[in-house]
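Coordinate inspection notes
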Amino acid sequence: MGKKEQLAEELEAALLAIDQDACRHIIMDDMADVPILSRIENAIVPALASIGVKWRNGDVALSQVYLSAKITDALLEEMLSSSHETLASRPKVAAVCLEDHHLLGIHVVRMVVRSSGYDVVDYGRMDLEPLVERVCRDEVDYLLISTLMLRSALRVEKLKEKLEERKCDACLIVGGAPFRYDASLWRRVGADFTSSSPSEALEFILSREGKR
Amino acid sequence: MKAMSSMERVLTSLQHKEPDRVPLLLSLTMHGAKMQGVSIQKYFSSPQLMAEAQVRMWKKYESDFLNSFTYSSAEVEAFGGSTIFYEDGPPNSGEPVIQALEDIESLEPPDVQTVKSLMVTIEATRRMKAAVGEEVPILGVTISPFSLPVMQMGFENYFDLLYSDMEHFRSLMKVNTEFQLQYANMLVEAGATAIVYFDPLSSTTIIPRAKFLETGFNIARDAVKRMHGPIVAHFASGRILPIVDKIIEAGFIGVSASVDEDLKILKKLAGGKLTLIGNLNGMEMPNWTAEQIDQNVRSAISDGARGGGFVLCDNHGEIPYQVSDETIQGIADASRKYGKYPLKRT
Ligand code: B12
């Protein structure tokens, strides 16, 4: 195993153990002479991606997914605050909790995507009409949408319709429990992608950007 | 075999014996409002409308339970919380009532008698009992002391508390446990045959086994000891395979089964000890074709029902509002078609 892989694995283990100090030690001390973007790419991205897959398979719990995203998000802030590097702000990505009152999902998604080096505009919780306005105005390229209730998930169809009326072609990436339990729901509501792992949403964005 | 009453059917299955057919639990809550032609909010404020609809739906679909559950947020209303109602979906809890840790220090267990939303459920339970007596089991649902804080303080704050401040956590559990116990026992007194202890936070979808052993497990075991009547553990479609041994140890008589897990494996681990309740995927139901209904019902029965100890049910404990009458009827029909004991070998 190469040094990079080893650090990613050590970070993953420390994250799953919710051992903040060990995580900090790996990113800030062991990788002190590595550029920030490489620390993200070589350690944080693979660790979070692996945790996302493990949650889907039932091998780790949501508390570990949430706390590991929170730890890496804080480390990212710490790294950025002492450097001139910034997060990539293109393509423009926004995150929203659609007509629902459950923000945990979208917060995890935002923290994971940010910790992977991409800025995410936080829309918080929004109703449909103001959201359409905002997405058009901000010229969002990718909208990350989280819902926990089925009724909110079904509202994505209306959102898509309204955005099309406005000739806004933001790419819609959906997630949350309703999309996990009904594997074809994302297609039926007209979304472009879904995953239970926020890291995979980012992979989707990057591969689509690569094809442009 | 002579047809059994719903109560006989369910009790036989709970004793891990085969009744005349597989008992059917249709978790219908909001559908009662549809049937009565009123809004969901109005419906959940009327014990009379609820009791009537529960009995009518039981007769219509020939299912085996009545259910007095309204919505989870009702229990947070007891602590001063608010509820947001929708025309076409379940009510949700509003802003968390615990905004700071100090709020936990001054928290007292509310008196259920003074909580309007919960007294609706108590009164609805009484009316259901008066209508069906010993013929049909009535389920009373309470949110576990351990899962309630997600709505009391927000999910993120609760995770943070669970992982960093066991002292405040324990204070909160003390208050919630007193409250939940009071409410559960009132439900039983009002006529609930069994209590469904809703505890999805303890599922390994949400916390790892080790954390569960430190927290949710002790709370559940104590609650089971102090609650009157038989108790079923429900995890709202969360995973449980890694903690089944502990669910048995805590003293539950039954447990929910999720589509996320293999019912055959669950049956192997829990058969003869816990009645399995599940595991139809409610989220997919709105789009099920007649063939899918047949296939899903048949496979749940064939994986879980042999030897009794099984109740056919959706895996969340609430069928979504979007599921049509035809689909519900189809599930009920298929449960009778494939659920006659002795089961055919498949
Ligand atoms: C724990 C739980 C509870 C707890 C806490 C819920 C809460 N958050 O408030 C309690 C007991 C309080 C509860 C109550 C209720 N619940 Co509940 N509950 C669950 C359970 C087990 C987990 C829910 C949860 O919060 N998960 C945390 C979030 C973060 O997980 P997630 O949405 O899957 O998100 C992950 C990924 O999907 C991904 N992701 C999320 N968003 C996005 C977005 C993008 C773009 C991407 C890429 C990825 C992504 O990232 C996250 C993790 O990394 C689920 C079933 C399950 N197995 O998931 C039911 C579930 C959410 N509950 C449900 C319901 C209906 C309810 C109630 C309305 C029941 C009622 N009638 O009262 C209430 C509402 C509570 C409220 N707040 O008012 C339904 C909702 C669907 C539906 N039928 O409409 C579910 C799905 C159960 C089911 N199978 O049907 N519940």
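Residues numbered from 1 in each chain as written. Chains lettered and ligands numbered in written order. Predicted model: local features only at pLDDT ≥ 70, side-chain atom pairs only at ≥ 80, totals over all residues. Heavy atoms only, no water.

Quick notes on the interface of chain A and chain B
Taken together, the 30 residues of chain A in the interface contact 30 residues of chain B. For the pair chain A and chain B, the summed buried area comes to about 2,300 Å², and 59% of that belongs to carbon and sulfur atoms. When the area that chain A buries against chain B is broken down by residue, the three leading residues are A:Leu150, A:Arg151 and A:Tyr181, summing to 30%. Remark: the boundary between chain A and chain B carries two salt bridges. We note a salt bridge from A:Lys70 to B:Asp160, for which the minimum N-O separation is 2.9 Å. Inspection of the chain A/chain B interface yields 14 residue pairs in polar contact (both at pLDDT 80 or more). (Contact = heavy atoms within 4.5 Å. Buried area = accessible area lost by both parts, 1.4 Å probe. Salt bridge = Lys/Arg side-chain N within 4 Å of Asp/Glu carboxyl O. Polar contact = N/O pair within 3.5 Å; in protein donor to acceptor, adjacent residues only side chain to side chain.)

Focus on the site of the ligand
Neighbouring residues of the ligand: 43 residues in total, closest A:Ser146, A:Arg180, A:Tyr181, B:Ser72 and B:Ser93. One chain alone does not account for the residues near the ligand; they come from chains A and B. Between the ligand and A:Tyr181 there is a distance of 2.7 Å, counted from a nitrogen atom to a side-chain nitrogen or oxygen. Taking B:Ser93, its main chain carries an N or O atom lying 2.7 Å from an oxygen atom of the ligand. Where the shell around the ligand is concerned, the elements lending two or more residues are α4 (62-81), α5 (104-115), β3 (142-146), β4 (171-175), α9 (177-181) and α11 (198-211) of chain A together with β4 (92-93) and α8 (149-153) of chain B. Among the elements that make up the shell around the ligand, the one with the highest residue count is α5(A) (four residues). (Near = heavy atom within 4 Å. Helix = DSSP H or I, 4+ residues; strand = E, 2+ residues; numbered from the N terminus.)

Comments concerning helix α6 (residues 128-138) of chain A
Helical periodicity: at 3.6 residues per turn, an α-helix aligns residues three or four positions apart in one direction. All names here are of chain A. Taken together, the buried positions of α6 are occupied by Leu128, Leu131, Val132, Val135, Cys136 and Asp138. On its buried side, α6 packs onto β1 (93-98), β2 (121-126), β3 and α8 (156-165). The positive-phi residue at the C-terminal boundary of α6 is Glu139, with phi of around 50 degrees. (Buried < 20%, exposed > 50% of the residue type's maximum accessible area, 1.4 Å probe, protein only.)

Focus: the pattern of salt bridges
Between side chains of opposite charge, a pair can form when the charged atoms approach closely. Residues and elements named next belong to chain A. With the rule as written, the count across this model stands at 32 salt bridges over all chains. A salt bridge links Glu200 to Arg56, with the shortest nitrogen-to-oxygen separation between them at 2.7 Å. Residue Glu200 is located in helix α11, and its partner Arg56 is located in helix α3 (residues 36-56); the two are separated by 144 residues in the primary sequence. Take Arg56: its relative accessible area is 33%, and that puts it in the partly exposed class. Between Asp119 and Arg114 there is a salt bridge, with its nearest N and O atoms 3.3 Å apart. Judged by its relative accessible area of 13%, Arg114 falls in the buried class. One connected set of salt bridges, linked through shared partners, spans Asp73, Glu77, Arg114 and Asp119.

With respect to the packing of helix α1 (residues 3-16) of chain A against α3(A)
All names here are of chain A. For the pair α1 and α3, interaxial distance at closest approach is 8 Å and the crossing angle is 50 degrees. Relative to α3, the element α1 lies oblique. Between α1 and α3 lies a crossing of right-handed hand. Touching Lys4, Ala8, Leu11, Glu12, Leu15 and Leu16 of α1 are Asn42, Ala43, Ile44, Pro46, Ala47, Leu48, Ser50, Ile51 and Lys54, all from α3. Of the residues in the contact of α1 with α3, the class split is 10 nonpolar, two polar and three charged. (Axes fitted to C-alpha atoms, helices over the stretch in contact; angles between N-to-C directions. Parallel < 35°, antiparallel > 145°, perpendicular 65-115°, else oblique. Left-handed = near helix turned anticlockwise from the far one by under 90°. Nonpolar A, V, L, I, M, F, W, Y, C, P; charged D, E, K, R; others polar.)

Side note on the environment of B:Leu14
Residue and element names in this part refer to chain B. Assignment of secondary structure puts Leu14 in helix α1 (residues 6-14). As for Leu14 and Ile84, which are separated by 70 residues in sequence, their C-alpha atoms are 37 Å apart. What Leu14 contacts, discounting residues up to four positions off in sequence, is Ile253 and Thr275.

Quick notes on the packing of aromatic side chains
Residue and element names in this part refer to chain B. Inspection of the entire model under this criterion finds 12 aromatic pairs over all chains. Arranged with centres 6.0 Å apart and planes meeting at 90 degrees, the rings of Phe146 and Phe169 form a pair that is edge-to-face. Highlighted residues: Phe146 in the loop between β5 (138-143) and α8 and Phe169 in helix α10 (residues 166-190), separated in sequence by 23 residues. Take Phe169: its relative accessible area is 3%, and that puts it in the buried class. Among the aromatic residues, ring-to-ring pairing joins Tyr43, Phe44, Tyr71 and Phe85 into one connected group. Here the guanidinium or amino end of Lys34 rests over the ring plane of Tyr321, the centre of that ring lying 4.4 Å away. (Phe/Tyr/Trp six-rings, centres within 6.5 Å; stacked < 30°, edge-to-face > 60°. Lys NZ or Arg CZ within 6 Å of the ring centre and 35° of its normal.)

Notes on the nonpolar core
It is characteristic of soluble globular proteins that their nonpolar side chains tend to be buried jointly. Membership of the largest hydrophobic core comes to 154 residues, with the highest contact counts inside it found for B:Tyr158 and B:Phe252. When residues of this core are assigned to their parent elements, the largest contribution, 11 residues, is made by α10(B). Residue contributions to this core reach at least three from each of two domains, namely domain 1 (3-81) and domain 2 (88-208) of chain A. Counting 29 residues, the second largest nonpolar core, distinct from the first, contains A:Leu98, A:Cys136, A:Val140 and A:Leu185. (Core = buried A, V, L, I, M, F, W, Y, C linked by side-chain atoms within 4.5 Å. Domains from an automatic or database assignment.)

Some remarks on the sheet that holds strand β8 (residues 254-256) of chain B
Residues and elements named next belong to chain B. The strand order β1-β10-β9-β8-β7-β6-β5-β2 describes an open sheet built from eight strands, whose pairing is parallel. If you trace the sheet from one side to the other, it starts and ends with β1 (24-25) and β2 (66-67), each paired once. Pairing of strand β7 (residues 231-234) with β8 involves two bridges; the strand directions are parallel. From the neighbouring strand, Ala233 faces β8, where its bridge partner is Val255. Lying on the sheet, helix α7 (residues 116-132) is in contact with β2 and β5; it crosses β5 at an angle near 165 degrees. (Pairing = 2+ DSSP bridges.)

Looking at a negative patch on the surface
Residue and element names in this part refer to chain A. The grouping of Glu5, Glu9, Glu10, Asp29 and Asp30 at the surface amounts to a negative patch. Contributing elements (two or more residues each) for the negative patch: α1 and α2 (20-30). Top element by residues in the negative patch is α1. It accounts for three residues. Summarising the element assignment, Glu9 is placed in helix α1. Classification of Glu9 by relative accessible area gives partly exposed; the value is 48%. (Patch = residues over 30% accessible without salt bridge, like charges linked within 9 Å, V, L, I, M, F, W, Y side chains within 5 Å. Areas by Shrake-Rupley, 256 points an atom, 1.4 Å probe, with all protein chains shown as cover. Lys, Arg positive; Asp, Glu negative; His and termini not counted. Charge placed at Lys NZ, Arg CZ, Asp CG, Glu CD.)

Re the domain arrangement of chain A
Residue and element names in this part refer to chain A. Partitioning chain A into domains gives domain 1 (3-81) and domain 2 (88-208). Just the C-alpha atoms count here: the centres of domain 1 and domain 2 sit 24 Å apart. The interface is formed by 18 residues belonging to domain 1 together with 15 residues belonging to domain 2. A combined buried area of about 1,400 Å² lies between domain 1 and domain 2, and 63% of that area is made up of carbon and sulfur atoms. Across the contact surface, domain 1 and domain 2 share three salt bridges. Where the side of domain 1 that touches domain 2 is concerned, the elements lending two or more residues are α3 and α4. Grouping the amino acids of the side of domain 1 that touches domain 2 by side-chain chemistry returns 12 nonpolar, two polar and four charged.

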